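# Residue-level structure breakdown
Chain residues, written in single-letter form:
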Amino acid sequence: MQIFVGLGNPGSKYAKNRHNIGFMVLDEIAADHGFTPWKSQFQGQVCSGNLGSEKVLLLKPSTFMNLSGQSVGEAMRFYKLTPEDVTVFHDELDLAPSKVRVKMSGGHAGHNGLRSIHQHIGEHYRRVRLGIGHPGHKDRVAGYVLSDFAKAEADWLDNVTRGCADGAKELASGESGRFLNAVSLRTAPARSSKSVKHTETASAKPTAEPVEDTRSAMQKLADRFRS
């Protein structure tokens, strides 16, 4: 069994915040893969289902971001799992919007949700880093992550959440590369080679065939003087 954790803050006030992208991804996975209804357990909201051959519990801590580790630790101990069985989806300031990366173990880089999880289960868990971009200065970070995604960001946000749901089975089976490929098919779909060739053909101007000059040498000389 595995636990997929989405980080965020509970309540409608925070539902559309950049900090809550982890919750958004779990909601999409639950809906796309027919998981059970959400219920309250482990100081959070949980639902369960299967991703391929893997039984997976989805967990959205209700402890607020800074205490996320309490909820994660409780669920992990209940099922007698190890940190390696835990995958955490979280917002990432150091990645551009729509970029997604997978990382195993490592530091928390100042992320308060990860810091709390480190305190309760250690650092040897998997993270799915969901890029939201950086506001440009560290003094603006708190306001930035606790503000809603802009309307202009709706398309890439939808592609990221859907892409993560598309690749959820691969992630559960340990195929991180295939998971990221599934995300990329949503966020950066390949261009059709046929459409590129068509564009090039349409934009090219036809070149006129050269006309053979059949005049004699005397005619050419006469025409030159006339001009």
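### Here we look at the pairing of strand E5 (residues 86-92)
The buried fraction of E5 amounts to 7 of the 7 residues, a majority that puts the element mostly inside the structure. Where E5 meets strand E7 (residues 126-131), 6 bridges bridge the pair, whose relative direction is parallel. Bridging across to E7, Asp 91 finds its partner in Leu 130.

### Some details on the packing of aromatic side chains
For the structure shown, the criterion picks out 6 aromatic pairs. Aromatic side chains Phe 78 and Tyr 79 sit 4.9 Å apart centroid to centroid with 85° between the ring planes, which places their arrangement in the edge-to-face category. An aromatic cluster is defined as three or more aromatic residues linked by ring pairs; in this entry it consists of Phe 42, Phe 78 and Tyr 79. Here Lys 60 stacks its cationic end above the ring of Phe 23, 5.6 Å away from the centre of that ring. Against the face of Tyr 125 rests Arg 127, its NZ or CZ located 4.3 Å from the ring centre.

### A word on the side chain of Asn 20
Turning to its location among the elements, Asn 20 is positioned in the loop between strand E1 (2-6) and helix H1 (21-32). Residue Asn 20 is classed as buried on the basis of its relative accessible area, which comes to 1%. For Asn 20, the contacting residues outside a window of four places in its chain are Leu 7, Gly 8, Asn 9, Tyr 14 and Ala 15.

### Considerations on the environment of Ala 168
Within the secondary structure, Ala 168 sits in helix H6 (residues 168-172). Considering only alpha carbons, one finds Ala 168 and Val 183, 15 residues apart in sequence, at a separation of 9.7 Å. If we skip the residues at most four places from it in the chain, Ala 168 touches Phe 4, Ile 29, His 33, Leu 51 and Phe 179.

### Considerations on the pattern of salt bridges
According to the stated counting rule, one finds 5 salt bridges in the structure shown. Arg 18 is the partner of Glu 153 in a salt bridge, and the nearest nitrogen-oxygen pair spans 3.0 Å. Taken as a pair, Glu 153 in the loop between helix H4 (141-145) and helix H5 (154-166) and Arg 18 in the loop between E1 and H1 lie far apart in primary sequence, 135 residues in all. Across the pair, Arg 18 and Glu 153 agree in class, each one buried. Linking Arg 162 and Asp 158 is a salt bridge whose minimum nitrogen-to-oxygen distance equals 3.0 Å. Note that Arg 162 and Asp 158 are positioned in helix H5 at a spacing of 4 residues, about one turn of the helix.

Calculation rules
In this convention, every chain numbers its residues from 1, walking through the sequence in written order. Local features are withheld for residues below a pLDDT of 70 in this predicted model, meaning they are given only at 70 or higher, and side-chain atom pairs are given and counted only at 80 or more; totals for whole chains, interfaces and linings count all residues. Computation of side-chain values covers all heavy atoms of the structure but excludes hydrogens and water. Here's how the labels work: a residue is buried when its accessible area is under 20% of the maximum for its type, exposed when over 50%, partly exposed in between, all with a 1.4 Å probe on protein chains only. Only runs of H or I of at least four residues qualify as helices and only runs of E of at least two qualify as strands under DSSP, and these elements are numbered from the N terminus. Strands are treated as partners if at least two bridges between them are detected by DSSP. Side-chain rings of Phe, Tyr and Trp (the six-membered ring for Trp) are treated as a pair once their centres are within 6.5 Å; stacked means planes under 30 degrees apart, edge-to-face means over 60, and tilted covers the remaining angles. Two conditions define a charge located above a ring, namely a distance within 6 Å from the ring centre to NZ of Lys or CZ of Arg, and an angle within 35 degrees of the ring normal. Contacts between residues were defined by any pair of non-hydrogen atoms, one from each residue, lying within 4.5 Å. One speaks of a salt bridge when a side-chain nitrogen belonging to Lys or Arg is within 4 Å of a carboxyl oxygen belonging to Asp or Glu.

Fair warning: the whole summary comes from geometry, so function is off the table for now.
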